[in-house]
Amino acid sequence: ILYFNDWENSRNMDPKGLGLYTANGSAYPILELFDQDGNWNQEVYDRNGSPYMSAWFAFGYWFSFVSISASISHTACWHWEDCKAAFMKDGLANVSSFAQRMDQLYSPIRAWWGLAFVLLVGLILVLTNAAFAVSMPWWSVIISVILAAVF
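All residue numbers refer to position in the chain's written sequence, counted from 1. Under the rules for a predicted model, residues below a pLDDT of 70 receive no local features and side-chain atom pairs below 80 are neither given nor counted, while totals for whole chains, interfaces and linings still include all residues. Side-chain figures throughout are based on the complete set of non-hydrogen atoms in the structure, without hydrogens or water.

Next up on the list: the pattern of salt bridges. Definition used for salt bridges: Asp or Glu carboxyl oxygen within 4 Å of a side-chain nitrogen of Lys or Arg. Here the structure, examined in full by the defined rule, presents two salt bridges. The salt bridge partner of Arg47 is Glu32, with a shortest N-O separation of 3.6 Å. Pair noted here: Arg47 is in helix H1 (residues 42–48) and Glu32 is in the loop between strand E1 (20–21) and H1, with a separation of 15 residues, a long-range link. Each residue gets one of three labels from its accessible area relative to the maximum for its type: buried under 20%, exposed over 50%, partly exposed in between, using a 1.4 Å probe on protein chains only. Judged by relative accessible area, which is 57%, Arg47 ranks as exposed. Taking the relative accessible area as the measure of exposure, Glu32 reaches 44% and is therefore partly exposed. The residue Glu81 makes a salt bridge to Lys84 at a minimum N-O spacing of 3.6 Å. Here Glu81 and its partner Lys84 are both found in helix H3 (residues 80–86), three residues apart, which amounts to about one turn of the helix. Secondary structure is summarised from DSSP: a helix means a run of H or I of at least four residues, a strand means a run of E of at least two, and numbering begins at the N terminus for each.

Right, dumping it as structure tokens:
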């Protein structure tokens, strides 16, 4: 519907395109917006205008944000007491019987597995950042993960 109603010039773009586009549908020169030193190039922005997403890509972003918000809201509304009890001093004594049965169904994993997994994924993030020349220092990846986890 968004595509056929020409939402944000979407008929000029690939219907299921995943990139950024100019208003006339050509590929947006995102790499030209910053020079080698990372400084903003206002002339390129003035010449090309704001970047556009295809309707499919924009809808995907919208749906992902809605689903994340719905998951957090659902957990807060329906499972708040179980979450709160799990982090209290007496722990599982205050958790509902359903949560206790679910806990008994799964064998516990060792605590170091979680730490090892976090470190492995962090290393993969830093290496991917370096391999594809994202132009961010290694520590910025770690800070972005921390910010995402906190907020």
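Next comes the rest of the write-up.
For the rest of this paragraph, the subject is the layout of surface pockets. In this analysis, the protein atoms alone were mapped onto a 1 Å grid. Cavities are point sets where a 1.4 Å probe fits without being able to get out; pockets are open sets with protein on both sides within 12 Å along at least five of seven lines; lining residues have an atom within 4 Å of a point. Grid points are joined across faces, edges and corners, and a volume is the space filled by probe spheres set on the points. Empty space within the largest pocket amounts to approximately 320 Å³. Every residue along the wall of the largest pocket is listed here: Ile30, Leu31, Phe34, Asp35, Gln36, Asp37, Gly38, Ala133, Val134 and Ser135. Residues of the lining of the largest pocket, tallied by class, amount to five nonpolar, three polar and two charged. Its volume calculated, the second largest pocket comes out at about 200 Å³. Around the second largest pocket sit Val118, Leu119, Val121, Gly122, Leu123, Leu125, Val126, Val141, Ile142 and Val145, which together line it. Listed by contribution, the elements that provide at least two residues to the lining of the second largest pocket are helix H5 (111–131) and helix H6 (138–150). Here the element with the most residues in the lining of the second largest pocket is H5; it accounts for seven residues. A class-by-class count of the residues in the lining of the second largest pocket yields nine nonpolar, one polar and no charged. Ten residues, namely Ala, Val, Leu, Ile, Met, Phe, Trp, Tyr, Cys and Pro, are considered nonpolar, four, namely Asp, Glu, Lys and Arg, are considered charged, and the remaining ones, Gly among them, are considered polar.

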